[in-house]
Amino acid sequence: MLAAIVTRVREPGGGIPLVSAYDPHEAVWNPPMPLLFQWHWRLEDRPLSAGAVRRLLNDTLAGSGLTDASGAPLRFTPHDFRRLFITDAVMHGMPPHIAQLVAGHRDINTTMGYKAVYPEEVITGHRAFIARRRTLRPSEEYRTPSDEEWEEFLGHFERRRVALGECGRSYSTPCIHEHSCLRCPLLRPSPAQRPRITGIRGNLLDRIAEAEREGWHGEAEGLKVSLAGADAKLAQLLKGPPVTMPDSIATALRNHAEGSCCLAAAAELLIAQAWLQRADFTSRFITVHRSPGSGKPMAVINWPAAVTALDTSLPCSGGEQRMLKIIASLADGIPVDLRDTITGLDDRNVQFLITAILRASGKLH
Ligand code: SF4
């Protein structure tokens, strides 16, 4: 295929003509290069634009009569071939970190996300590991458990359920903390038990006041330890598990944007870009906390810091940079030069932007 393309564009002397192409993402003209996708028009050699390649592809697909599973005509974009190439290369043995360099990705997760199939080599490697371990372990361990053993196993999880939540002690170990769960670091409190813990806390405060009134100082000291335990469990419930996955952050962004058209438009625009997949963005500029009222996760973005980092420590393409500045402007009112930022946006981002403007103006929900 590559040889056919090279043969098509070669000059009579054997070289490939050098042509200059406009990069809409960086909004610059690239220096003349031996581009494979070029055509001869009158006396000039010109690059094929992404739009032209897309049109040619879809014309070819329409001519082939191929359809997808729902019967609609198949549609490809030039970017699909990039994904196909990386998928094929990795599936045929190219190490993922080399594929990452070939694709020019900053983050290997982007490269692995390109793979259109589940990483078979991971499954194969894991099966080989299990097979190796099995050969090393005594064969008598591989037997069907007796009914008693199975009941004992299930019973362990039953016994770990306590009034305030779930006990995290290991399988087959007894409680060595005398079931004082409120003070115990192994207790994972259940959100449903929040009112109960709040009630216990109120009761502890009353008892501490009584103990101090009556001069029972030893009793007051012990109760204060329990009170600190109750406070720690309530704080644990309020904090919840850390929100780090892109989907969870997206939900937290939408929660925070509720009630504000501009914030909602900015959130959807950001979610449609690849920024939530980037740990160097989410870990540095997004803070997720729980709403004290509803307990819902809320994501807040430090936009001034993120926009400042664009010019220093947050590497990205010109297109990504411009989109992030537009989102920052929608979300936080940070001034943006529309003439510079809108010029060169690709069709996809223009569509996203139109939708965001409709959403920000309250005409789309
Ligand atoms: S005191 Fe700790 S170890 Fe014991 S049951 Fe309660 S949570 Fe589990």
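None of the values given here were measured: they were computed from a predicted structure.

**Description of the overall build of the protein chain**
Turning to step 1, where the next piece is worked out: Looking only at helices and strands, one finds 16 helices and 9 strands in the protein chain.
Turning to step 2, where the next piece is worked out: Taking 21 Å as the expected radius of gyration for a compact globule of 365 residues, we find that the protein chain reaches 30 Å, considerably beyond that expectation.
Turning to step 3, where the next piece is worked out: Looking at the protein chain alone, contacts between residues at least 24 apart form 49% of all its contacts between residues at least 6 apart.

**Observations regarding the site of the ligand**
Turning to step 1, where the next piece is worked out: All residues in the neighbourhood of the ligand are listed as V162, C167, R169, C175, H177, H179, S180, C181, C184, L186 and L187.
Turning to step 2, where the next piece is worked out: Taken together, the residues of the shell around the ligand break down into 7 nonpolar, 3 polar and 1 charged.

**A closer look at the packing of helix α13 (residues 303–310) against helix α14 (residues 318–332)**
A pair of packed helices is captured by two measures, namely the crossing angle of their axes and the spacing between those axes.
Turning to step 1, where the next piece is worked out: Two elements in contact, α13 and α14, have axes whose closest approach is 10 Å; the angle formed by their N-to-C orientations is 160°. Taken together, α13 and α14 sit at an angle that is classed as roughly antiparallel. The two elements α13 and α14 cross, and the hand of that crossing is left-handed. Counted together, W303, A306, V307 and L310 of α13 and Q321, L324, K325, A328, A331 and D332 of α14 form the full contact between these two elements.
Turning to step 2, where the next piece is worked out: A per-class count over the contact of α13 with α14 returns 7 nonpolar, 1 polar and 2 charged.

**So, the nonpolar core**
Turning to step 1, where the next piece is worked out: Grouped together as the largest cluster of nonpolar side chains are 30 residues, with contacts concentrated most on A266, L270, I327 and L330.
Turning to step 2, where the next piece is worked out: If you tally residues by element for this core, the top one is α14, at 7 residues.
Turning to step 3, where the next piece is worked out: Discounting residues that sit within four places of it in the chain, L270 has contacts with L253, W275, L276 and I327.
Turning to step 4, where the next piece is worked out: With 9 residues, the next largest nonpolar core counts L187, I200, L204 and L223 among its residues.

**Notes on helix α11 (residues 261–272)**
Turning to step 1, where the next piece is worked out: With 12 residues, α11 extends 16 Å between its outermost C-alpha atoms, agreeing within 8% with the 16 Å of an ideal straight helix rising 1.5 Å per residue.
Turning to step 2, where the next piece is worked out: Taken residue by residue, α11 has A264, A265, A266, A267, E268, L269 and L270 as its buried positions.

**Re the sheet that holds strand β6 (residues 165–167)**
Turning to step 1, where the next piece is worked out: Read across the sheet, 3 strands follow the order β5-β6-β7 without closing on themselves; strand pairing throughout is antiparallel. In this open sheet, the two edge strands, each paired with only one partner strand, are β5 (161–162) and β7 (187–189).
Turning to step 2, where the next piece is worked out: Pairing between β5 and β6: 2 bridges, direction antiparallel. Bridge pairing in β6 places V162 opposite G165.

**Digging into unusual backbone geometry**
Turning to step 1, where the next piece is worked out: At H179, a residue that is not glycine, the phi angle is positive and equals roughly 55°.
Turning to step 2, where the next piece is worked out: Here H179 shows up in the loop between β6 and β7.

**Section: the environment of L310**
Turning to step 1, where the next piece is worked out: Within the element layout of this structure, L310 appears in helix α13.
Turning to step 2, where the next piece is worked out: A tally of 16 C-beta atoms within 10 Å means that L310 is categorised as partly exposed.
Turning to step 3, where the next piece is worked out: Beyond its immediate sequence surroundings of up to four residues, L310 is in contact with Q321 and L324.

**Notes on the domain arrangement of the protein chain**
Turning to step 1, where the next piece is worked out: Assigned domains of the protein chain: these are domain 1 (1–67), domain 2 (77–137), domain 3 (148–171 + 181–238) and domain 4 (246–360).
Turning to step 2, where the next piece is worked out: Placing a centre on the C-alpha atoms of domain 3 and another on those of domain 4 gives a separation of 41 Å.

Thresholds, definitions, all that
Residues numbered from 1 in each chain as written. Predicted model: local features only at pLDDT ≥ 70, side-chain atom pairs only at ≥ 80, totals over all residues. Helix = DSSP H or I, 4+ residues; strand = E, 2+ residues; numbered from the N terminus. Rg over C-alpha atoms; globule rule 2.2 N^0.38 Å. Contact = placed C-beta atoms within 7 Å. Near = placed C-beta within 6 Å. Nonpolar A, V, L, I, M, F, W, Y, C, P; charged D, E, K, R; others polar. Axes fitted to C-alpha atoms, helices over the stretch in contact; angles between N-to-C directions. Parallel < 35°, antiparallel > 145°, perpendicular 65-115°, else oblique. Left-handed = near helix turned anticlockwise from the far one by under 90°. Core = buried A, V, L, I, M, F, W, Y, C linked by C-beta atoms within 7 Å. Buried ≥ 20, exposed ≤ 12 C-beta atoms within 10 Å, placed from the backbone. Expected span 1.5 Å × (residues − 1). Pairing = 2+ DSSP bridges. Domains from an automatic or database assignment.

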